[in-house]
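Each chain is listed here by its residues.
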Amino acid sequence: MDKNKYIKIITVLLLVSALYGICGCHLSKPRPPKEKEVMEKIHEMINEDIRLVKKTDEETYIFASNVRNLEFELNLHAETVNIDGSNFGYTGKYSYRNNYKEQVYAFYRDRVEQLMKDHGFTASAQSDPDMPCIDSFTIAAYNWLEKKEIENINDFLKDLRDLSKEEAQYHKGPYDFDFEITFLWIDVWGDKKEYIRTTGNYNYSNKIGPGTTDEELDVRNLGITSQRLGNVIPPVYNGILIELE
């Protein structure tokens, strides 16, 4: 065997051996945590009054709210040690992945879509035709809109704030539930259309939660930047684009 190749093999073996000795890695997948431990953990993670509906297998649990029609899934995943894309075994711990937050937004989807209709808004585009919920909006409005039309936008944002206030009642403590709004002014010179970016309370967007003030919601108060885009930024994840003339 080539000497250099032999040295490399020995080096890798020594590194792997040291790694297992230092971090206590396991070659075989550890047993999933018991149901009692899972229940304790999920109640630490989620401060809504929930119950276990069923356990579909050793790593999958279905939970439901005791105060509203909402279910979510919890999946246990054995954590691994990965270095440069290589898997060196298991840490012995499990991560608790769940779709609770997504299901919370899905709980309000019909009402969010109704609010859009009530304010005369239609979706110009959305991030995914099969998206399960709506948690963000990109609103692009021509800068010649009249006061009444601008106030209609502001009222829509206030209605979203009301939903975030409503969500707070389902929790025993603070819970981060907000809608993210990216607002763009549309400027037209001749045949050229540009989208002017604005700044809000969260960099280039506004996060609307229970404590967002009327002043923050008023799109006329958003910061105007020097950034002009040739095309509107498409919505991402569970986002909707609304373009208003």
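Analysis parameters
- Residues numbered from 1 in each chain as written.
- Predicted model: local features only at pLDDT ≥ 70, side-chain atom pairs only at ≥ 80, totals over all residues.
- Heavy atoms only, no water.
- Helix = DSSP H or I, 4+ residues; strand = E, 2+ residues; numbered from the N terminus.
- Contact = heavy atoms within 4.5 Å.
- Polar contact = N/O pair within 3.5 Å; in protein donor to acceptor, adjacent residues only side chain to side chain.
- Buried < 20%, exposed > 50% of the residue type's maximum accessible area, 1.4 Å probe, protein only.
- Core = buried A, V, L, I, M, F, W, Y, C linked by side-chain atoms within 4.5 Å.
- Axes fitted to C-alpha atoms, helices over the stretch in contact; angles between N-to-C directions.
- Parallel < 35°, antiparallel > 145°, perpendicular 65-115°, else oblique.
- Left-handed = near helix turned anticlockwise from the far one by under 90°.
- Pairing = 2+ DSSP bridges.
- Arc of directions from axis to C-beta.
- Phe/Tyr/Trp six-rings, centres within 6.5 Å; stacked < 30°, edge-to-face > 60°.
- Lys NZ or Arg CZ within 6 Å of the ring centre and 35° of its normal.

Trainee: Before we go on, may I ask you to explain the environment of Asp135 in this structure?
Mentor: In this structure, Asp135 sits in the loop between β5 (125-126) and β6 (136-142). Considered as a pair, Asp135 and Arg109 are 26 residues apart in the sequence and their alpha carbons are 8.8 Å apart. Those residues in contact with Asp135 that sit more than four places away from it in its chain are Tyr105, Asp178, Phe179, Glu180 and Asn238. At a separation of 3.4 Å, a polar atom in the side chain of Asp135 contacts the side chain of Ser136.

Trainee: Would you mind showing me how to read unusual backbone geometry here?
Mentor: With a phi angle near 60°, Asn203 is a residue other than glycine that sits in the positive phi range. Within the secondary structure, Asn203 is located in the loop between β8 (192-199) and β9 (206-208). If you check the backbone angles, Tyr237 has positive phi at about 55° while not being a glycine. Along the chain, Tyr237 falls in the loop between β10 (223-229) and β11 (239-244). Using a relative accessible area of 70% as the deciding quantity, one classes Tyr237 as exposed.

Trainee: Can you help me understand the nonpolar core in this one?
Mentor: A general feature of soluble globular proteins is that nonpolar side chains tend to end up buried together. Of all hydrophobic cores here, the largest spans 48 residues; its most connected members are Phe137, Ile139, Ile153, Phe156, Leu157 and Leu160. Of all the elements, helix α5 (residues 147-168) adds the most residues to this core, at six residues. The residues touching Leu160, leaving out its near neighbours within four places in the chain, are Val112, Leu115, Phe137, Phe179, Ile181 and Ile208. Membership of the second largest hydrophobic core comes to eight residues, among which are Ala140, Tyr142, Leu229 and Val232.

Trainee: Looking at this structure, I do not really get the packing of helix α4 (residues 109-118) against α5. What am I missing?
Mentor: How two helices pack is summed up by the angle between their axes together with the distance between the axes. Look at α4 against α5: their axes get within 10 Å of each other, and the N-to-C directions meet at 160°. Taken as axis vectors, α4 and α5 run roughly antiparallel relative to one another. Relative to α5, α4 is oriented so that their crossing is right-handed. Contacts from Arg111, Val112, Leu115 and Met116 of α4 reach α5 at Phe156, Asp159, Leu160, Leu163 and Glu166.

Trainee: Would you explain the environment of Tyr202 in this entry?
Mentor: Here Tyr202 shows up in the loop between β8 and β9. Tyr202 gets classed as partly exposed once you look at its relative accessible area, which sits at 39%. Sequence separation between Tyr202 and Glu180 is 22 residues; the distance between their C-alpha atoms is 8.6 Å. Discounting residues that sit within four places of it in the chain, Tyr202 has contacts with Glu180 and Lys207.

Trainee: Whenever I open this one, the pairing of β8 confuses me. Can you help?
Mentor: Working note: regular strand, side chains alternate between the two faces of the sheet. Sheet topology places strand β7 (residues 179-189) next to β8; six bridges connect them, and they run antiparallel. Bridging from a neighbouring strand, Leu184 pairs with Arg197 of β8. The antiparallel pairing of β7 with β8 creates a hairpin that spans two residues between the two strands, and Gly190 there sits at a positive phi of about 65°. Both β8 and β10 contribute to a ladder of four bridges, which runs antiparallel. Following the sheet pairing, Thr198 is matched in β10 by Ile224.

Trainee: Teacher, can you tell me more about helix α3 (residues 100-107) here?
Mentor: In an α-helix, one turn spans 3.6 residues; hence positions three or four apart end up facing the same way. Every buried residue of α3 is listed here: Tyr100, Val104 and Tyr105. Seen from one end, α3 has its buried residues packed into an arc of 140°, which puts them on one side.

Trainee: Where do I start with the packing of aromatic side chains in this structure?
Mentor: Two aromatic rings are characterised by how far apart their centres lie and by the angle between their planes. Evaluated as defined, the whole model comprises 14 aromatic pairs. Summarising the aromatic geometry, the rings of Tyr100 and Tyr175 are spaced 5.9 Å apart at their centres and angled 75° between planes, so their arrangement reads as edge-to-face. Separated by 75 residues along the polypeptide, Tyr100 in helix α3 and Tyr175 in the loop between α5 and β7 bring together distant segments of the chain. Between Phe183 and Trp185, the ring centres sit 4.8 Å apart and the planes meet at 85°, which makes this aromatic pair edge-to-face. Judged by relative accessible area, Phe183 falls into the buried class, the value being 2%. Chaining the aromatic ring pairs together yields one cluster made of Tyr105, Phe107, Tyr108, Tyr170, Phe177 and Phe179. Its end group placed over the ring of Tyr96, Lys41 keeps NZ or CZ at 6.0 Å from the ring centre. The ring of Tyr170 has Arg68 sitting right over it, with the charged end atom 4.0 Å from the ring centre.

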